[in-house]
Amino acid sequence: LWGYHAPLLQLVLFNYRKGRGIHGPKEILQDYRGYLQCDGYKVYDKIAQQEGITAVGCLVHARRKFFDAQDNDAKRAKHALNLFSKIYQLDKEINSEAKENLELKQEHRQSKILPIIKEIKTWIEQESLKVTPKSSIGKAMTYYLNQYPKLESTMLDPRLKLDNNLIENSIRPLALGRKNYLFAGSHHAAQNTAMMYSFFGSCKMNNVNPLEWLTDVLQKIPDWNIQKLDQLLPNQWKTNNM
């Protein structure tokens, strides 16, 4: 299941495909224009080559590599983790201070957070010469350097998050369910599963009771204008039923 999250629309989409190749996301995002925030999976880099798409990285995925490297090189790993912690603490303070003032938020991010993102890169360029490339710490450093242009891109727009945790959080119920029922049973059943996770995940994002939403929608949909189906999605349904 490929997960897509549109934070401004407050909608999540799970799209079932038989594999992890480029065909699924390429089809879904063929007309998309804007920021695409994701981890370092190579398929995303190919999608980001499309005209009008700006690739944005995930600091949490970069941080996780150093967290996992603590057993390999505690001193270097903890140094990197401290810098990541500083970034997130500053981001929290900036969000609290700037609130809805996007211009002020962007100014603070550029002056306070971006230098630390660059500092990590400079430090890695110096220290990577002293570690084994295939070690955990070496791989963490390589990942950061490879992702650096996209990590720096998190500073392009104040609306961007430092990471893609929002979609990661949406995936958690799926991971929990998968451990419980193990298999979808068939490709058709997997597609139905993706559809229900999309609907209920979107309900959760909009603080909509899924039972109330589903009951109301099932009553309305037989006579609903097919050109206005989007009005029944949880984000618009909530507005129309307040």
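Look up: the structure comes first, before these words.
Parameters and conventions
Residues numbered from 1 in each chain as written. Predicted model: local features only at pLDDT ≥ 70, side-chain atom pairs only at ≥ 80, totals over all residues. Heavy atoms only, no water. Salt bridge = Lys/Arg side-chain N within 4 Å of Asp/Glu carboxyl O. Helix = DSSP H or I, 4+ residues; strand = E, 2+ residues; numbered from the N terminus. Buried < 20%, exposed > 50% of the residue type's maximum accessible area, 1.4 Å probe, protein only. Polar contact = N/O pair within 3.5 Å; in protein donor to acceptor, adjacent residues only side chain to side chain. Contact = heavy atoms within 4.5 Å.

K.L.:
Explain the pattern of salt bridges to me, using residue names and the numbers behind them.
P.N.:
One pass over the full model with this rule turns up 9 salt bridges. Put simply, K150 and D45 hold a salt bridge, and the shortest N to O gap is 2.8 Å. With a gap of 105 residues between them, K150 in helix α6 (residues 136-152) and D45 in helix α2 (residues 42-47) connect regions that are remote in the sequence. A relative accessible area of 8% places K150 in the buried class. By relative accessible area, D45 is classed as partly exposed at 29%. Measuring nitrogen to oxygen at the nearest pair gives 2.7 Å for the salt bridge that ties K121 to E125. You can see K121 and its partner E125 sitting in helix α5 (residues 102-127), 4 residues apart, about one turn around the helix. Classification of K121 as partly exposed rests on a relative accessible area of 24%. Taken together, the shared-partner salt bridges connect D73, R76, E127 and K130 into one network.

K.L.:
Give me the side chain of N235: which residues, what numbers.
P.N.:
Inspection of the secondary structure assignment puts N235 in helix α10 (residues 234-240). A relative accessible area of 15% places N235 in the buried class. A polar contact is formed between the side chain of N235 and the backbone oxygen of L9, at a distance of 2.9 Å. Not counting the four nearest positions on each side in its chain, N235 is found in contact with L9, Q10, L11 and N206.

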